[in-house]
Amino acid sequence: MELVPIGTRLFACLQPDRGLGWSNSGFIAAGGGMVVDTLYDQRLTAQMASLYAEVHPEAPARVVNTHHNGDHCWGNKIFEDAEIIAHTGCAERFDEFTPAQAASMAAMESPPPHLAGIAEAFREFHFDDVELVPPNRVIDADLMLDLDGLITEIRYVGPAHTAGDLIVSVPEQGVVFAGDVVFHLCTPIGWEGTHQAWVDALATIEAMAPETVVAGHGPLCDTEGVRAMREYLEYVWEESSAHHSAGRTASQACQAIDPGEYASWNEPWRLAYNVHRAYKELGGGAWDNPYDTGAAMADAALLQQQWAS
């Protein structure tokens, strides 16, 4: 875990992208201090908080949860006295999947094949003592804050990756904390939202022309990294659309699509999740309709096995 200065009173807390759950956070050391996203468990978030205390000894006054996935909000307990800001789409889904469920999966001795990878990934974290602390300031639209003269924009760009996607922008310094709207050099996973909404969210960030983007996962990037992410989503959509039109199943499309230049991204087999998400939408499913997660996991596991050989 590393604290990286990215501007005047602006910092990123970066974790090496070791796969599922190894997320990033950001910090604005102004206006009482504002954390952008906590981490997957309280142990990691406490370590992150100690890094932030090096540049802002007082307890942060605010936390922003960019969405409801646990690796961006399950550490809220460390900052439970802060104002915790999130979008309605995050707040409504905050306990949709719980730390207890994650701990149960991690404890499985012989998980079914499609869950084996996720169970192994979950064993890296300490979910048993995670206490969910939900947002206490829920917003439905954009929010602008003046943090000791540092104008900070909290913008709603969902439903893209999830229902409640927020990004945090400090325009005068060209910095965007993007949450999981941006994955950099690692393959994204689409859970909810629509293809077009996610592409539009990325285009919104591109139009800001930031010099520094703190991705939800992966290293820091700039506008080119955001563009690469958008082009990946467009590629998967185009390929999925062609296979769907040809009458192939989502699983057949997963096997047929060549990851091409994106094969070098971390965990390229996550392609399966994005294909299944596209197929749901191509079949007329609403943005918040779940797809067959078990089938997507099975296809991802098969791709992992094939591409690793």
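**Describing the packing of helix 5 (residues 195–208) against helix 6 (residues 223–245)**
- At a minimum axis separation of 9 Å, helix 5 and helix 6 run at an interaxial angle of 165 degrees. When the interaxial angle is binned, helix 5 and helix 6 end up roughly antiparallel. In this structure, helix 5 meets helix 6 at a crossing whose hand is left-handed. Here His-195, Trp-198, Val-199, Leu-202, Ile-205 and Glu-206 of helix 5 lie close against helix 6, whose contacting residues are Thr-223, Val-226, Arg-227, Met-229, Arg-230, Leu-233, Glu-234 and Trp-237.
- Looking at the contact of helix 5 with helix 6, its residues break down into eight nonpolar, two polar and four charged.

**Topic: the nonpolar core**
- Counting residues in hydrophobic clusters, the biggest one holds 74 residues, and the most contacted among them are Val-181, Val-182, Ile-205 and Val-275.
- In this view, Val-182 contacts Leu-202, Ile-205, Val-213, Ala-215, Gly-216, His-217, Cys-221 and Val-226; residues no more than four positions away in its chain are not counted.
- Membership of the second largest hydrophobic core comes to 23 residues, among which are Leu-14, Ala-30, Val-64 and Leu-147.

**Examining the side chain of Asn-274**
- Checked against the element boundaries, Asn-274 lands in helix 8 (residues 271–282).
- A polar side-chain atom of Asn-274 sits 3.5 Å from the main-chain carbonyl oxygen of Arg-270.
- With residues up to four places along the chain from it excluded, the contact list for Asn-274 reads Thr-187, Pro-188, Ile-189, Gly-190, Tyr-232 and Val-236.

Calculation criteria
Residues numbered from 1 in each chain as written. Predicted model: local features only at pLDDT ≥ 70, side-chain atom pairs only at ≥ 80, totals over all residues. Heavy atoms only, no water. Axes fitted to C-alpha atoms, helices over the stretch in contact; angles between N-to-C directions. Helix = DSSP H or I, 4+ residues; strand = E, 2+ residues; numbered from the N terminus. Parallel < 35°, antiparallel > 145°, perpendicular 65-115°, else oblique. Left-handed = near helix turned anticlockwise from the far one by under 90°. Contact = heavy atoms within 4.5 Å. Nonpolar A, V, L, I, M, F, W, Y, C, P; charged D, E, K, R; others polar. Core = buried A, V, L, I, M, F, W, Y, C linked by side-chain atoms within 4.5 Å. Buried < 20%, exposed > 50% of the residue type's maximum accessible area, 1.4 Å probe, protein only. Polar contact = N/O pair within 3.5 Å; in protein donor to acceptor, adjacent residues only side chain to side chain.

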